[in-house]
Amino acid sequence: MAVFTPVSLEQLSDWIQQFPLGRARSIKGISSGIENSNFFISTDSGEYVLTLFEKLHIEQLPFYLELMRHLAQRGIPVPAPVANDKGAIVTLLNDKPAAIVSKLEGESQLDPQPLHCAALGDMLARMHLAGKDFKILQPNLRGLAWWLETTPSVLPFLPPELASLLADEVQYQKDFAATADYRALPRGPVHADLFRNNAMFVGERLSGIFDFYFAGCDTWLFDLAVTVNDWCVDLDTGALDLARAEAMLSAYRAVRPFSPAEGVAWQPMLRAAALRFWLSRLYDFYLPREAEMLTPHDPTHFERILRLRIKETPPAL
Ligand SMILES: Nc1ncnc2c1ncn2[C@@H]1O[C@H](COP(=O)(O)OP(=O)(O)OP(=O)(O)O)[C@@H](O)[C@H]1O
Ligand SMILES: N[C@@H](CCO)C(=O)O
């Protein structure tokens, strides 16, 4: 269950009058999300998604929603926010910041094949390029600064061997972030959470990517590494599936060729992407936020992925 703040059709009918969408016809809670309250709504103008933001700070929302608007205007298939009669895309509903965005067609592909990974690689590269002239700057709020801040609160819960793995990796990433190669990496707005459940396919066509609420400015390569670590792995072992990884990398490269610094940074960024989700899952596991309603994701999955990324030479960029 993931509707934390209920919204009735009556409440929606009043609130929606400020949008150029006609009357509200129906509203249905979406059960799968864990961060926000989401609803499919039907209006005189068609189908949309209504999101009530449960945890994000209102000052952070313009970055996410304006980025979606920016990308949608440049032909990247992402949910486009709908502005109200004053031009605002976030307004309060039941005391929560809320937004209406267009509904993407299709379904998640939870068993991706190389052709799905190629579609993701192509779209990710096009999305990075389309974000180049986006003007709002907001760091990746789950980046190095967050790892440094969060690690000390998680370490006391871990047995010594795991604590060393975590502390050593954070140190390794801190050192790598100070290198000239890291500083030379191209960067801009990135999705930073492009897992299998955040993309839609209609048959074999990628119809869109969504859930931009962990987006931020970071290196494009980190975004690719997050995506590879989810789409191109065996979920039981965390091992990279070379056919899927090659498909994603070559489709990405065909749109935006990699720089020499990116070649050097590839393995460190795959490690960074594994660390990012291992740490957030450890944090949610040991220090669940108040009123957390759902079972946290399994941290050991990303611990396994991190160990493998440290040990293996990844497929060349
Ligand atoms: N614009 C959209 N078009 C179509 N379906 C959507 C859209 N936005 C959300 N959904 C549906 O709602 C579900 C939950 O949305 P979303 O992933 O954004 O929620 P969340 O609370 O951030 O969840 P999580 O953190 O688990 O990814 C998605 O799995 C998808 O099925
Ligand atoms: N993708 C994250 C959840 C937040 O979207 C994870 O798997 O830990």
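Residues numbered from 1 in each chain as written. Chains lettered and ligands numbered in written order. Predicted model: local features only at pLDDT ≥ 70, side-chain atom pairs only at ≥ 80, totals over all residues. Heavy atoms only, no water.

- In the annotation of an unreviewed UniProt entry, the entry for the protein reads Homoserine kinase, and the organism field reads Herbaspirillum frisingense.
- Recorded in UniProt for the protein, the comment headed Pathway (unreviewed entry) runs: "Amino-acid biosynthesis; L-threonine biosynthesis; L-threonine from L-aspartate: step 4/5."
- Taken verbatim from the UniProt record of the protein, the Catalytic activity (unreviewed entry) comment is "L-homoserine + ATP = O-phospho-L-homoserine + ADP + H(+)". (UniProt positions renumbered as here; feature names shortened; annotations may be inferred.)

What to know about the site of ligand 2
Here's step 1: Taken together, Asp 193, Phe 195, Phe 214, Phe 277, Arg 281 and His 297 are the residues near ligand 2.
Here's step 2: Between an oxygen atom of ligand 2 and a side-chain N or O atom of Asp 193, the distance comes to 2.6 Å.
Here's step 3: In this structure, Arg 281 approaches ligand 2 through a side-chain N or O atom, which is 2.6 Å from an oxygen atom.
Here's step 4: Compared with its free state, where it exposes 260 Å², ligand 2 has 87% of that area covered by protein.
Here's step 5: When its residues are assigned to classes, the shell around ligand 2 shows three nonpolar, one polar and two charged. (Near = heavy atom within 4 Å. Polar contact = N/O pair within 3.5 Å; in protein donor to acceptor, adjacent residues only side chain to side chain. Areas by Shrake-Rupley, 256 points an atom, 1.4 Å probe, with all protein chains shown as cover. Nonpolar A, V, L, I, M, F, W, Y, C, P; charged D, E, K, R; others polar.)

Observations regarding the domain arrangement of the protein
Here's step 1: The assigned domain composition of the protein is domain 1 (9-102) and domain 2 (114-311).
Here's step 2: Between the C-alpha centres of domain 1 and domain 2 the distance comes to 27 Å.
Here's step 3: Both sides of the domain 1 and domain 2 interface together cover about 2,100 Å² of buried area, and 72% of this is carbon and sulfur.
Here's step 4: Applying the counting criterion to the domain 1 and domain 2 interface returns one salt bridge.
Here's step 5: Note that Asp 133 is salt-bridged to Arg 74, the shortest N-O span being 3.3 Å. (Domains from an automatic or database assignment. Buried area = accessible area lost by both parts, 1.4 Å probe. Salt bridge = Lys/Arg side-chain N within 4 Å of Asp/Glu carboxyl O.)

So, the site of ligand 1
Here's step 1: Taken together, the neighbourhood of ligand 1 is formed by 19 residues, with Glu 35, Asn 36, Ser 102, Leu 104 and Asp 211 sitting nearest.
Here's step 2: Within the backbone of Ser 102, an N or O atom sits 3.1 Å from a nitrogen atom of ligand 1.
Here's step 3: Between Leu 104 and ligand 1, the recorded distance is 2.8 Å, taken from a backbone N or O atom to a nitrogen atom.
Here's step 4: Taken together, the residues of the shell around ligand 1 break down into nine nonpolar, seven polar and three charged.
Here's step 5: Among the domains, domain 1 (9-102) and domain 2 (114-311) are the pair contributing at least three residues each to the shell around ligand 1.

Comments concerning the side chain of Thr 150
Here's step 1: With respect to the helices and strands, the residue Thr 150 is situated in helix 4 (residues 144-154).
Here's step 2: In this view, Thr 150 contacts Leu 279 and Tyr 283; residues no more than four positions away in its chain are not counted. (Helix = DSSP H or I, 4+ residues; strand = E, 2+ residues; numbered from the N terminus. Contact = heavy atoms within 4.5 Å.)

Quick word on the side chain of Asn 140
Here's step 1: Within the secondary structure, Asn 140 is located in the loop between helix 3 (114-130) and helix 4.
Here's step 2: The class of Asn 140 is buried, set by a relative accessible area of 8%.
Here's step 3: Those residues in contact with Asn 140, other than ones at most four positions away along the chain, are Phe 214, Gly 216, Cys 217, Asp 218 and Phe 222. (Buried < 20%, exposed > 50% of the residue type's maximum accessible area, 1.4 Å probe, protein only.)

Quick look at the sheet that holds strand 5 (residues 96-102)
Here's step 1: The sheet built from five strands is open, its strands ordered 1-2-3-5-4 with antiparallel pairing. The outermost strands of the open sheet, each flanked by one partner alone, are strand 1 (24-29) and strand 4 (91-93). Recorded for the sheet is a direction-independent mean angle of 40 degrees between the axes of neighbouring strands.
Here's step 2: Across five bridges, the pairing between strand 1 and strand 2 (residues 37-43) is antiparallel. Within strand 2, the residue paired with Ala 24 across the bridge is Thr 43. (Pairing = 2+ DSSP bridges. Axes fitted to C-alpha atoms, helices over the stretch in contact; angles between N-to-C directions.)

Considering the packing of helix 7 (residues 220-231) against helix 9 (residues 260-286)
Here's step 1: Where helix 7 contacts helix 9, the two axes come as close as 8 Å, and the packing angle between them is 60 degrees. If you check the angle between helix 7 and helix 9, you find them oblique. Judged by the twist between their axes, the crossing of helix 7 over helix 9 is right-handed. Here Leu 221, Phe 222, Leu 224, Ala 225, Val 226, Val 228 and Asn 229 of helix 7 come into contact with helix 9, specifically with Glu 262, Ala 265, Trp 266, Met 269, Leu 270, Ala 272, Ala 273, Ala 274, Arg 276 and Phe 277.
Here's step 2: The residue makeup of the contact of helix 7 with helix 9, split by class, is 14 nonpolar, one polar and two charged. (Parallel < 35°, antiparallel > 145°, perpendicular 65-115°, else oblique. Left-handed = near helix turned anticlockwise from the far one by under 90°.)

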